[in-house]
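# Descriptive structure summary
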Amino acid sequence: MTPHPLTWLYVPGDRPQVVAKALAAGADVVVVDLEDAVAPDRKAYARAATAELLSEPRLNVHVRVNALDTPWAADDLRTLAPLPGVSGLRLPKVTSAEDVVAVAEKARELPLYALLETALGIERAFSIAAAHDSVHGIALGEADLRADLGVRDDTGLDWSRSRVIVAARAAGLAPPPQSVHPDIRDLEGLAASCAHGRALGFLGRAAIHPRQLPVIESAFLPTDEEIEQAETIVKAAMQEEGAQALPDGRFIDAAVVAAAQRTLTLARRT
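For the structure given in this document, a descriptive report is provided here. Here, residues in each chain are numbered from 1, in the same order as that chain's written sequence. Totals for whole chains, interfaces and linings use all residues, but because this is a predicted model, local features are given only for residues with pLDDT of at least 70 and pairs of side-chain atoms are given and counted only at 80 or more. As a convention, hydrogens and water are excluded, and side-chain values are obtained from all of the structure's heavy atoms.

## Notes on the overall build of the protein
Filter applied, for reference: Put simply, DSSP H or I for four residues or longer makes a helix, DSSP E for two residues or longer makes a strand, and each gets a number counted from the N terminus. This radius of gyration counts C-alpha atoms alone. The globule rule is 2.2 Å times how many residues there are, raised to the power 0.38. Pairs of residues are marked as contacts when any of their non-hydrogen atoms sit within 4.5 Å. Methods summary: accessible areas were calculated by the Shrake-Rupley approach with a probe of 1.4 Å, and residue burial reflects only the protein chains presented. Charge counting treats Lys and Arg as positive and Asp and Glu as negative, with His and both chain ends excluded. For this purpose, a charge sits on NZ of Lys, CZ of Arg, CG of Asp or CD of Glu.
Across its full length, the protein holds 12 helices and nine strands. Here the protein has a C-alpha radius of gyration of 20 Å; the compact-globule value for 270 residues is 18 Å, and the two agree. Considered along the principal axes of its C-alpha atoms, the protein spans approximately 65 × 40 × 35 Å. Residue pairs at least 24 apart in sequence account for 65% of intrachain contacts in the protein once pairs closer than 6 positions are excluded. When the accessible surface of the protein is summed, it comes to about 13500 Å², and 53% of that surface belongs to carbon and sulfur atoms. Distance from the positive charge centre (27 side chains) to the negative charge centre (37 side chains) of the protein: 4 Å.

Following this line, the structure appears as structure tokens:
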């Protein structure tokens, strides 16, 4: 089974030399960004450069196309969706299930990841997550959402974060990754933010620089203590079915055992 991605490294599509370096940086997924990272007068160049780079099969390279209501989106999908080097599409500023279905019908069953970046997108999170079998994940675009909501303090986004996490689970999708931490020098702040995101239910995070990757991976992998506890729970469950209490007084049932098994699966990815 393919390990769940923990790191998603964004790189600008109009800088093919940077994309080439990113492919060797160790991220679980490299996301070639044709949207926010590319100026309007370089959109055509970025698309062409990305098409050349991804004309051959590659592993775990996604493309963030331009927003579907822009004049570039149709050309992005027409040019890039058929390419063997594209293993997923990230769709920015999705606000409805219809947005996703329209792309799915053109994208040769590529995995789609919807980015929710507006209040309307958050309100429709579940319908977007469940819109089509091609949807493999949803996530937040926090910079745009922050501006849309007028949020100044970071905690003001926690309700939206939880909403997306719950919607993904309800639709049977993997837990979403966190949005980017924009200060590439602030590794201590990144670690603290990842810890908060993990507590909310995120799994993994988008990055904008390779130096962020080991911090993110370390933050989301189980600790030695968590692994030990999970092993104890699973071992106890194998010996006796049903709800029970461990010698230290902890009560375990099927839900606790399932969580422990997920912890061990995540730990084995390394």
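From this point, the discussion proceeds with the structure in view.
## Topic: the pattern of salt bridges
Using the following cut-off: Each salt bridge in this description consists of a side-chain nitrogen of Lys or Arg and a carboxyl oxygen of Asp or Glu lying within 4 Å of one another. A 1.4 Å probe rolled over the protein chains alone gives each residue an accessible area, and that area as a share of the maximum for its type sets the label: buried under 20%, exposed over 50%, partly exposed in between.
The final tally for this structure, using the stated rule, is 16 salt bridges. With a closest N to O distance of 3.6 Å, D36 and R64 form a salt bridge. Residue D36 is located in the loop between β2 (29-33) and α2 (43-53), and its partner R64 is located in strand β3 (residues 61-64); the two are separated by 28 residues in the primary sequence. Assessed through its relative accessible area of 48%, D36 is described here as partly exposed. A salt bridge links R198 to E226; its shortest N-O distance comes to 2.8 Å. Note that R198 is positioned in helix α9 (residues 187-200) and E226 in helix α11 (residues 224-239), a separation of 28 residues in sequence. R198 sits in the partly exposed class, given a relative accessible area of 29%. Residue classification places E226 among the partly exposed positions, given a relative accessible area of 28%.

## Section: the layout of surface pockets
Operational definition: Within this scheme a cavity is a closed region of a 1 Å grid, computed over the protein atoms alone, that accommodates a 1.4 Å probe without allowing it to escape, whereas a pocket is open but has protein on both sides within 12 Å along at least five of seven lines; lining residues each have an atom within 4 Å of a point. Grid points are joined across faces, edges and corners, and a volume is the space filled by probe spheres set on the points. All residues other than Ala, Val, Leu, Ile, Met, Phe, Trp, Tyr, Cys, Pro, Asp, Glu, Lys and Arg, Gly among them, are scored as polar; the first ten of these are nonpolar and the last four charged.
The volume enclosed by the largest pocket comes to roughly 1400 Å³. Of all elements in the fold, only β6 (135-140), α8 (158-170), α10 (213-220), α11 and α12 (254-267) reach the threshold of two or more residues within the lining of the largest pocket. Ranked by the residues each element gives to the lining of the largest pocket, the list is headed by α12, at eight residues. When the residues that make up the lining of the largest pocket are grouped by side-chain class, the tally is 26 nonpolar, 13 polar and nine charged. Contributing to the lining of the second largest pocket are 35 residues, with Y10, R64, S179, V180 and I208 lying nearest its centre. When contributions to the lining of the second largest pocket are tallied by element, the ones reaching two or more residues are β1 (7-12), α1 (16-22), β6, α7 (142-149) and β7 (205-207).

## Looking at the nonpolar core
Within soluble globular proteins, side chains that are nonpolar generally end up buried alongside one another. Counted only if it meets this: Put simply, a nonpolar core is a bunch of buried Ala, Val, Leu, Ile, Met, Phe, Trp, Tyr and Cys residues held in one set by side-chain atoms that sit within 4.5 Å of each other.
Counting residues in hydrophobic clusters, the biggest one holds 60 residues, and the most contacted among them are V63, L89, L112, L116, I138 and F220. Residue contacts for I138: discarding those within four places in its chain leaves A114, L116, A125, I128, A129, V164, A167, A168, L173, P176 and P177.

## Some words on the packing of aromatic side chains
Definition in use: Classification of ring pairs uses Phe, Tyr and Trp, with its six-membered ring standing for Trp, and accepts pairs whose centres are within 6.5 Å; under 30 degrees between planes counts as stacked, over 60 as edge-to-face, and the remaining range as tilted. In this analysis the charged atom, NZ for Lys or CZ for Arg, is taken to sit over a ring once it is within 6 Å of the ring centre and within 35 degrees of the ring normal.
As enumerated under the stated definition, the model contains one aromatic pair in all. Each ring, one from W8 and one from Y113, has its centre 5.5 Å from the other, and the planes form 70°; the classification is edge-to-face. Within this pair, whereas W8 is found in strand β1, its partner Y113 is found in strand β5 (residues 112-116), the two being separated by 105 residues in sequence. The same class applies to W8 and to Y113, which are both buried. Between K43 and the ring centre of W72, over which it is positioned, the NZ or CZ distance is 5.0 Å. Above the face of the W8 ring, R90 is positioned so that its terminal group lies 4.8 Å from the ring centre.

Function cannot be inferred from these measures alone, as they are strictly geometric.
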